Amino acid sequence: MIFKHSIAVAILAFASMPKICSAAPDTVSVYFPYNVQSLTEQATARIDDAIYKGQISEKEAIQIIGYTDEIGTPQYNLKLSRERANSVKNYLIKSGYSKEQITLVLGKGEQFAQRTTNPDGTPADRRVDIVRGPKLPPKSNKDMTVKFIPGLKDTGVIIAKQLPRKSLDAQLKTVSIGETLVLDDIFFLAGRHVIRPESEDALAQLYNALAANPTIRVSIEGHVCCIPQEFVDANDDDTHTLTLSLNRAKAIRDYLVKRGLDSKRFECSGFGHRKPIIFPERTEDDANRNRRVELRIIK
């Protein structure tokens, strides 16, 4: 079991962290002083606080990604970002995580650093992101199994709940204009709009169903969870914009067009957190139901 510091210490330490907003609730960021690779007391307290609050859990896989500011050479910064990521990995292992839970440890150097004339660089760029992943397999048959799909600053979060085992082709023939179907088994990389390889069968089924129903026009609509409703969308690591749900919808459209379907048959929308199925989200299952991609029939 992961050890947890007292809530008073954790909250006090967290309160002293820089006030940097993030639209990615499935990512915990810890920050480093200039040219420092080891964790500070504030950084370890931030991790302990995240563990205490369940923001990172021994039941989930995680990715650890390090960054630097732009001060220094690219080669040095790449090495420094990797060392920072490893510092976080080692602390999590010390705290009770297994090596198998940590699916990625990566340094991106100054790749996404803000350009600045400040000789001390930008503090927000000197960080390591701990990205929540899919739930691990249950330890016993008594555990409830929830299907997770990578996405939303997430190695894995559920984007869509599974459809009943009825073919998508059959469903398209029975739905009415304005009705929606939740896409099944469409997976995305953490915090990105890149579709994972294990989605190939589901994508092929979607293509076949739409090819067999050439008069149907659809709107591909993405949704996320766990961000304030006033936010337009969640953060997309690929574009560095708050357009994650929209970009994921477009990624599905682009796949279908590349396979030969007419682009005029598709519209794409990203609704962020503005159309939750459940509100407020009180449990992880509530959040899972809100993370989804839907296919809405428009003609």
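Residues numbered from 1 in each chain as written. Predicted model: local features only at pLDDT ≥ 70, side-chain atom pairs only at ≥ 80, totals over all residues. Heavy atoms only, no water.

### Notes on the nonpolar core
Stage number 1. In terms of nonpolar packing, the biggest core is built from 26 residues, with Leu 172, Ile 220, Ile 252 and Leu 256 touching the most fellow members.
Stage number 2. Where this core is concerned, the elements lending two or more residues are α4 (168-174), α5 (200-211), β6 (218-223), α6 (244-258), β7 (266-270) and β8 (292-297).
Stage number 3. Considering each element in turn, this core owes the most residues, 6 residues, to α5. (Core = buried A, V, L, I, M, F, W, Y, C linked by side-chain atoms within 4.5 Å. Buried < 20%, exposed > 50% of the residue type's maximum accessible area, 1.4 Å probe, protein only. Helix = DSSP H or I, 4+ residues; strand = E, 2+ residues; numbered from the N terminus.)

### Some details on the packing of helix α2 (residues 41-52) against helix α3 (residues 74-94)
Stage number 1. At a minimum axis distance of 11 Å, the contact between α2 and α3 shows a crossing angle of 50 degrees. Between α2 and α3, the crossing angle belongs to the class labelled oblique. Pair α2 / α3 crosses with right-handed handedness. Between α2 and α3, the contacting residues are Thr 44, Ile 47, Asp 48 and Ile 51 on the first element and Val 88, Tyr 91 and Leu 92 on the second.
Stage number 2. Grouping the amino acids of the contact of α2 with α3 by side-chain chemistry returns 5 nonpolar, 1 polar and 1 charged. (Axes fitted to C-alpha atoms, helices over the stretch in contact; angles between N-to-C directions. Parallel < 35°, antiparallel > 145°, perpendicular 65-115°, else oblique. Left-handed = near helix turned anticlockwise from the far one by under 90°. Contact = heavy atoms within 4.5 Å. Nonpolar A, V, L, I, M, F, W, Y, C, P; charged D, E, K, R; others polar.)

### Examining the environment of Ile 71
Stage number 1. For Ile 71, the location among the structural elements is in the loop between β2 (60-66) and α3.
Stage number 2. For Ile 71 and Asp 120, which are 49 residues apart along the polypeptide, the C-alpha to C-alpha distance reads 7.2 Å.
Stage number 3. Not counting chain neighbours up to four residues away, the residues in contact with Ile 71 comprise Tyr 34, Asn 77, Asn 118, Pro 119, Asp 120 and Gly 121.

### Here's the deal with α5
Stage number 1. Look at α5: 16 Å from first C-alpha to last across 12 residues, which is about the 16 Å you get at 1.5 Å a residue.
Stage number 2. Of all the positions in α5, only Ala 202, Leu 203, Leu 206, Tyr 207, Ala 209 and Leu 210 are classed as buried. Burial along α5 is one-sided: seen end-on, the buried residues are contained in an arc of 165 degrees. Set apart from the buried face of α5 by more than 90 degrees, the exposed residues are Glu 200, Asp 201 and Gln 205. (Expected span 1.5 Å × (residues − 1). Arc of directions from axis to C-beta.)

### Thoughts on the sheet that holds β8
Stage number 1. Spatially, 4 strands are ordered β5-β8-β6-β7 in an open sheet, and the strand pairing comes out mixed. The open sheet terminates on both sides in strands that have one partner only, identified here as β5 (180-182) and β7. Averaged over all pairs of adjacent strands, the angle between their axes in this sheet comes to 25 degrees, without regard to strand direction.
Stage number 2. Both β6 and β7 contribute to a ladder of 5 bridges, which runs parallel. Bridge pairing in β7 places Gly 222 opposite Gly 270. (Pairing = 2+ DSSP bridges.)

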